[in-house]
Amino acid sequence: QQASDDDHNHSPHHSHDEIEEVVVRATPLRRSLDELSQSATVLREEDLYRELSNNIGETLTRQAGMANASFGQNVGRPVIRGLPGQRVGVLSNNMSASDASAVSQDHAVAIEPFLADQIEILRGPSTLLYGSGAIGGVVNIVSHTIPEEVPEDGFDARAMAQIDSAADQKFAAGRIDFGTGNFAFHADGFYRRTDDYEIPGAAELYPEDEDDHDDHEEHEDEEAPSGILENSFLDNEGGSLGASWIGDRWRAGLSWTDYNSDYGIPGAHHHHHEEEGEHEDEHEDEQEDEHGEEEEELVTVGLESQRWDAEVVGTNPFDGFEQLSFRFVNTDYTHTEFEGDEVGTVFDSDTDDVRLELRHNPWSRWSGAFGLQYTDVDFDAVGEEAYVPASNSETGALFWVESADFGDWQVDLGLRYEDVDVTALELLSHEHHEEEEHEDEHEEGPVNRGFTPFSVSVGAIWHITGDGHLSCNLSRAARAPTTSELFAFGPHDASQTFEVGDASIKEESNLHGEIAYRMHGERLSGSV
């Protein structure tokens, strides 16, 4: 499937002559699956095509230990071993997706699964490499928007089209890679349109009860919606352009990705009401006269993401090192929640993510890599349901991983230190509290919290036979709380929740142990 570009010293008991090697790109050492002491799965080619769906959560939901945090068919974020949201890192080509999908379950991941070449799942803490947002694991979507090589014949392309009768879906996607000499180019795009989903029977979020029997009789002539899941449509499109210069020892590239999605939130409604008590009764009476009930408007979402990726990779860049990898990503993300035709709340973020990795030459039996990462996120929410304050989050990190072979044994070590600074530019007002004394408990102006998470991991693999090995790992991982966990306060119509943060919470810690047995024979493979 894909040959490793690293030469590892394997014992004769675990040669790979009978199986094709699948390289996990989410690790600096580019190890194959059977060389990871951490539980991992890679989907590619036919295995990936069989599972593809409208979102990344649904695409992975049938993998062991995985679930989908679904909010209708349009939104799905991976859940790893029961850990959702802020505890699972979603990466695009080893760099954060930098969207708002971890903030709330109705926010979509801004990545199109159909354009992926490979999807990798690392179960268990991956904070060593990817920080606080990966305390439960990592999902890495590999799409090669920055070409790594010139196609063999100078040109390569693929396309697909789908229709779906359940939602009258129309989908098309295509990709082209070409190049000559030292230059390679990439372009891809997709287009999807779906109507509301057809379902068996009626869809009611709050079924009528006995107390509403009289009201029900008044409207018994009106047919209840049946056969359609209202507000479950999805319209999205996007694409990317990329180019690379490829030399003998160095490679440099740049890509631009655009993703746009408009979708409905099934069951989510916005209720219009007046804030002033003297007008509230009059307003409700008018609504009752006209509609017999409080006016409701459907909640829909408009998502836009523009992303720039830049990469410089060098082989044997200087004495003592096998490889240098430098990546920079800027993501401008906007998420708008509409209440009917009106703009309700706008979530906006601007993210800069910089990562430097250095893989050193072998030190006796040890191979390893270390690196630095810096992330800066400016986040803002505007509107009557802006339950997260404007904020800035800065994270600086140092990580180091090492691996050594001792005959039938492999030992893995790793650590990561972070310095996280979270600043809320202004705390949200608690004026809706019944007791005014709560207002005095909160400061005005910027509020800052600092954290220094430290994570460490040790793992081992015992190659018992040529076809099977036993692995184990133990890690102590730490995670800094996010802006929403610290400072959120307010209603969120799309998810039908009222969010309340706690500025006094401390770092989250995770003690994780795992034992696994894997077999990879010529005709049978599996793990437990």
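Counting from 1, residues in each chain are numbered in the order their sequence is written. Predicted model: local features are reported for residues with pLDDT of at least 70 only, side-chain atom pairs are reported and counted for 80 or more only, and whole-chain, interface and lining totals are derived from all residues. Neither water nor hydrogens contribute to the side-chain values; these are computed over all heavy atoms in the structure.

J.: Hey, could you run me through the confidence of the model for the chain in this one?
T.: Reading fine detail from the predicted coordinates is not recommended where pLDDT is low. A residue's pLDDT is the confidence the predictor assigns to it, expressed on a 0 to 100 scale. Looking at the chain as a whole, the pLDDT averages 84, with 84% of positions reaching at least 70. Note that pLDDT drops below 50 for residues 1-18; the model gives that stretch 38 contacts with residues more than four away or on any other chain. Any two residues having at least one pair of non-hydrogen atoms within 4.5 Å are treated as being in contact. For the stretch residues 432-442, pLDDT sits under 50, and the model shows six contacts to residues farther than four places along the chain or on other chains.

J.: Even after reading the chapter, I still don't get the pairing of strand β19 (residues 391-406), so can you show me in this structure?
T.: The side chains of a regular strand alternate between both faces of the sheet. In this sheet, β19 lies alongside strand β18 (residues 366-383) in antiparallel orientation, the contact comprising 14 bridges. What sits directly across from F379, in β19, is S391. Following DSSP output, two strands are said to pair if at least two bridges run between them. We count a stretch as a helix when DSSP gives it H or I for four or more residues in a row; a strand needs E for two or more, and each element gets its number in order from the N terminus. Where β19 meets strand β20 (residues 409-424), 16 bridges bridge the pair, whose relative direction is antiparallel. Note that in β20 the partner of W400 across the bridge is L415. If you look at the hairpin formed by β19 and β20, you'll find two residues sitting between the two strands, and G407 has a positive phi there, around 65 degrees.

J.: Where do I start with the environment of E357 in this structure?
T.: You can see E357 is positioned in strand β17 (residues 342-363). Only protein chains enter the calculation, and the probe is 1.4 Å; a residue is then buried if its accessible area is under 20% of its type maximum, exposed if over 50%, and partly exposed in between. Residue classification places E357 among the buried positions, given a relative accessible area of 9%. The spatial distance from the C-alpha of E357 to the C-alpha of P28 is 7.3 Å, given a sequence separation of 329 residues. Beyond its immediate chain neighbours, meaning those up to four positions away, E357 contacts P28, Q323, L324, S325, R327, F370, G371 and F399. Two N or O atoms form a polar contact when they lie within 3.5 Å of each other; inside protein one atom must be a possible hydrogen donor and the other a possible acceptor, and for residues adjacent in sequence the pair counts only when both atoms belong to side chains. At 2.7 Å, the side chain of E357 forms a polar contact with the side chain of R355.

J.: Can you walk me through the sheet that holds strand β6 (residues 118-123) in this structure?
T.: Through backbone hydrogen bonds, the strands of a sheet pair up, either in parallel or in antiparallel fashion. Sheet architecture is open: five strands sit in the order β1-β6-β7-β4-β5, paired in mixed fashion. This sheet does not close on itself; its edge strands, each paired only once, are β1 (40-44) and β5 (95-96). Here five bridges tie β1 to β6, and the two strands are oriented antiparallel to one another. Looking at β6, one finds that L43 is bridged to I119.

J.: Can you help me understand the nonpolar core in this one?
T.: Buried together is how nonpolar side chains tend to be arranged in soluble globular proteins. If you look at the biggest cluster of nonpolar residues, it comprises 34 residues, and the most contacted ones within it are I56, L60, I119, V139, I141 and Y263. Listing elements by their share of this core, those giving two or more residues are α2 (56-60), β4 (88-92), β6, β7 (137-142), β9 (169-180), β14 (250-271) and β15 (296-315). No other element matches the three residues that β14 contributes to this core. Residue contacts for I56: discarding those within four places in its chain leaves G76, P78, V109, P113, I119, V139 and I141. To qualify as a nonpolar core, a set must consist of buried Ala, Val, Leu, Ile, Met, Phe, Trp, Tyr and Cys residues joined through side-chain atoms within 4.5 Å. Of all hydrophobic cores here, the second largest spans 16 residues; its members include V24, L36, Y130 and V138.

J.: Where do I start with the packing of aromatic side chains in this structure?
T.: Two aromatic rings are characterised by how far apart their centres lie and by the angle between their planes. Stacked, edge-to-face and tilted labels apply to pairs of Phe, Tyr and Trp rings (six-membered ring for Trp) whose centres lie within 6.5 Å, assigned for plane angles under 30 degrees, over 60, and everything in between, in that order. Overall, the coordinates contain 11 aromatic pairs when judged by the stated rule. Ring centres of F347 and F379 lie 6.3 Å apart, and the angle between their planes is 40 degrees; on these two criteria the pair is classed as tilted. With a gap of 32 residues between them, F347 in strand β17 and F379 in strand β18 connect regions that are remote in the sequence. Judged by its relative accessible area of 13%, F379 falls in the buried class.

J.: Help me understand the side chain of H335 in this model?
T.: With respect to the helices and strands, H335 occurs in strand β16 (residues 321-339). A polar side-chain atom of H335 sits 3.4 Å from a polar atom in the side chain of Y333. A distance of 3.3 Å separates a polar atom in the side chain of H335 from a polar atom in the side chain of E337. Beyond its immediate sequence surroundings of up to four residues, H335 is in contact with D106, H107, Y263, V301, G302, L303, T345, V346 and F347.

J.: For this particular structure, what's the right way to read the pattern of salt bridges?
T.: Opposite charge on two side chains allows them to pair when their charged atoms are near. The term salt bridge refers to a pairing of a side-chain nitrogen on Lys or Arg with a carboxyl oxygen on Asp or Glu at a separation within 4 Å. Enumeration according to the criterion identifies 21 salt bridges in this entry. The partner of E357 in a salt bridge is R355, and the shortest N-O contact between them spans 2.7 Å. We note that E357, like R355, is buried. A cluster of three or more residues bridged by salt bridges with shared partners is formed by R87, R479, E485 and E508.

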